[in-house]
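Tertiary structure, described
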Amino acid sequence: MTNQSITESESLYKDLDQMSVRQLLEGIHEEDKKVLPAVYQTIPQIEELVSKTVERIKKGGRLFYVGAGTSGRLGILDASEIPPTYGVGYDVVIGLIAGGDQAIRKAVEAAEDNMDLGWQELQAFNINEHDTVVGIAASGRTPYVIGAVSTARAHGILTGCITNNPNSELARNVDIPIEAIVGPEFVSGSTRMKSGTSQKLILNMITTTLMIKLGRVKGNRMVNMQLTNQKLVQRGTRMIMEELGFDEEKSRRLLLVHGSVNAVLENYKNK
């Protein structure tokens, strides 16, 4: 098995079907321990990607994730959580998956094998040189993803990737490759496991750092979160009480009037 196929190589554990539940759980946990060191090794590449993406988004650019299967779902998950958490529009971080929205729940046969489809879907967003496109693929050889990033790069758009094999075709077709080499999966080839975990961690790092550098966090608080439920209203009320010293009733009323903690702080901080 070559280095380029680490994600599909044989599990280090034999006869899984003969193991006890406890043995299986401990084995999975032992493998998961390898994810954090692998992600840590990629921080310089993540730093470069985030730093360049921040500047592009300040000019009106967007961050696109392009993936298939587990990788595509993780990109969509990350993108979908940014607006409610940080109060930005749904057009700032955008996730695309091979096969479209139906593929979020069910696999769409052969969707990831189309080399041209990813770029076609990006064009529907009027993609331009201020945008950033990040391809996500554990194997590093998914045609849908490679086609999207390689064509984007040819059009002068910043590109990156998150993959779990070294020196892959995907990595060779982007400006900033992020390669988290987590090793063989507990179940041979099941990249929804360690590979997927590493991808989720890296996505968290990218967008959280991005939003902080774009001023969507004050101190350590989500002051721009959307007030989509009572739990978040209560959390926002407490933030205002602590920051401004107002009582609960006034804090809640101001929060609901202004729509976000940040708006209240900007209006009342120095009054």
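Presented here is an overview of the structure given in this document. Predicted model, so just to flag it, every value in this text is computed and none were measured.

Turning next to the overall build of the protein chain. The helix and strand tally for the protein chain stands at 11 helices and 5 strands. Projected onto its principal axes, the C-alpha coordinates of the protein chain cover approximately 65 × 50 × 35 Å. Buried residues in the protein chain amount to 46% of all 271 residues. Contacts spanning at least 24 positions in sequence make up 68% of the contacts within the protein chain whose residues lie at least 6 apart.

Time to look at helix α3 (residues 43-58). Taking 1.5 Å per residue as the helical rise, α3 with its 16 residues ought to reach 22 Å, and the 22 Å between its terminal C-alpha atoms agrees with that figure. All buried positions along α3 are accounted for by I46, L49, V50, T53, V54 and I57. Axial view of α3: buried residues confined to an arc of 135°, hence all on one face. Buried-residue contacts for α3 involve β1 (63-67), β3 (132-136), β4 (158-163), β5 (176-179) and α8 (194-213). A positive backbone phi angle near 100° is found at G60, which sits one or two residues after α3.

Time to look at the pattern of salt bridges. Summed over the entire model, instances satisfying the criterion amount to 11 salt bridges. The partner of E31 in a salt bridge is K34, with the nearest N and O atoms 2.9 Å apart. One network of salt bridges, in which partners are shared, links E31, K34 and K194.

With that settled, consider the nonpolar core. Grouped together as the largest cluster of nonpolar side chains are 31 residues, with contacts concentrated most on Y65, V93, I162, I202, I206 and M211. Sorting the residues of this core by element identifies α2 (35-40), α3, β1, α4 (69-86), β3, β4, β5 and α8 as the ones contributing at least two each. Core analysis: the second largest hydrophobic core is formed by 23 residues, V66, V133, A137 and A152 among them.

With that settled, consider the environment of K52. Here K52 lies in helix α3. According to the relative accessible area criterion, K52 is partly exposed, its value standing at 36%. For the pair K52 and N128, spaced 76 residues apart in sequence, the C-alpha to C-alpha distance is 15 Å. In contact with K52, not counting residues within four places along its chain, are L158 and I176. Side-chain polar atoms of K52 contact the side chain of E48, separated by 3.0 Å.

Its place among the elements puts S190 in the loop between β5 and α8. Separated by 181 residues in sequence, S190 and S9 place their C-alpha atoms 10.0 Å apart.

Calculation criteria
- Residues numbered from 1 in each chain as written.
- Predicted model: local features only at pLDDT ≥ 70, side-chain atom pairs only at ≥ 80, totals over all residues.
- Heavy atoms only, no water.
- Helix = DSSP H or I, 4+ residues; strand = E, 2+ residues; numbered from the N terminus.
- Buried < 20%, exposed > 50% of the residue type's maximum accessible area, 1.4 Å probe, protein only.
- Contact = heavy atoms within 4.5 Å.
- Expected span 1.5 Å × (residues − 1).
- Arc of directions from axis to C-beta.
- Salt bridge = Lys/Arg side-chain N within 4 Å of Asp/Glu carboxyl O.
- Core = buried A, V, L, I, M, F, W, Y, C linked by side-chain atoms within 4.5 Å.
- Polar contact = N/O pair within 3.5 Å; in protein donor to acceptor, adjacent residues only side chain to side chain.

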